[in-house]
Amino acid sequence: MVSQCSDYVRHGTVTLFTALDYLQGHLISSIERQHRHQEWLEFLKKINRETPKHLQLHLIVDNYATHKHPKVKAWLEKHKRFHMHFTPTSSSWMNMVERFFRDITVYLRDGSFSSVRELESSITTFLALRNAQPTRYVWNAKVEDILNKIQRAREAMTSQT
């Protein structure tokens, strides 16, 4: 049985591609109606246009097939300054962009959108506000604390079997 709230209407979804300049906190973003290799490739081209040509670009992405499509691979082969790093499955928490998505989720949660266009407008407003005062995301946890937490989790899982 599927329960559904009687006043909830889903008007559609969008894909938000976002590249974070870690040192400056600036975002390069693109809102798309689909998440296919074509949109991803256009986003890579946008990053290429909007970043200084002398920079080496390291992109941390998930293992979504779109990021590994043959046409994307061919483009990356011709653009050697792009270096792709794929997060392991279920490890998106390692990606600093996930912190950005947390922030935009908090911002959007206060809104109710009657159309995809309205949602896109709200996202665009957030991006403009965020880029007007870019903020770096900084890890506060110490490596030792993270490794200790992982070890405690492993020990707890082992003791349960």
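Relevant structure appears above.
Worth saying up front: this structure is predicted, and the values here are computed from it rather than measured.

**Q** Got a sec to walk through the side chain of Thr66? Specific residues and values, please.
**A** Relative to the elements of secondary structure, Thr66 occurs in the loop between strand S3 (57-61) and helix H2 (70-78). With a relative accessible area of 8%, Thr66 lands in the buried category. Apart from the residues within four sequence positions on either side, Thr66 is in contact with His35, Arg36, His37, Trp40 and Val72.

**Q** Tell me about the pairing of strand S1 (residues 15-20), residues and numbers included.
**A** Among the six residues that make up S1, six are buried, leaving the element largely enclosed by the rest of the structure. Residues Thr15, Phe17 and Ala19 line one face of S1 and the alternating positions Leu16, Thr18 and Leu20 line the opposite face, and both faces are buried. Inspection of the sheet shows S1 paired to strand S2 (residues 27-32) by six bridges, in the antiparallel sense. Directly across from Leu20, in S2, lies its bridge partner Leu27.

**Q** Just give me the short version of the pattern of salt bridges, but keep the residues and values in it.
**A** Enumeration according to the criterion identifies five salt bridges in this entry. Linking Glu120 and Arg33 is a salt bridge whose minimum nitrogen-to-oxygen distance equals 2.7 Å. A residue pair is termed long-range when its members are at least 10 positions apart, and Glu120 in helix H4 (residues 116-132) and Arg33 in the loop between S2 and helix H1 (37-50) qualify at 87 residues. In this structure, Glu39 engages Arg36 in a salt bridge whose closest nitrogen and oxygen atoms are separated by 2.7 Å. The exposure class assigned to Glu39 is buried, which follows from its relative accessible area of 10%.

Conventions we followed
- Residues numbered from 1 in each chain as written.
- Predicted model: local features only at pLDDT ≥ 70, side-chain atom pairs only at ≥ 80, totals over all residues.
- Heavy atoms only, no water.
- Helix = DSSP H or I, 4+ residues; strand = E, 2+ residues; numbered from the N terminus.
- Buried < 20%, exposed > 50% of the residue type's maximum accessible area, 1.4 Å probe, protein only.
- Contact = heavy atoms within 4.5 Å.
- Pairing = 2+ DSSP bridges.
- Salt bridge = Lys/Arg side-chain N within 4 Å of Asp/Glu carboxyl O.

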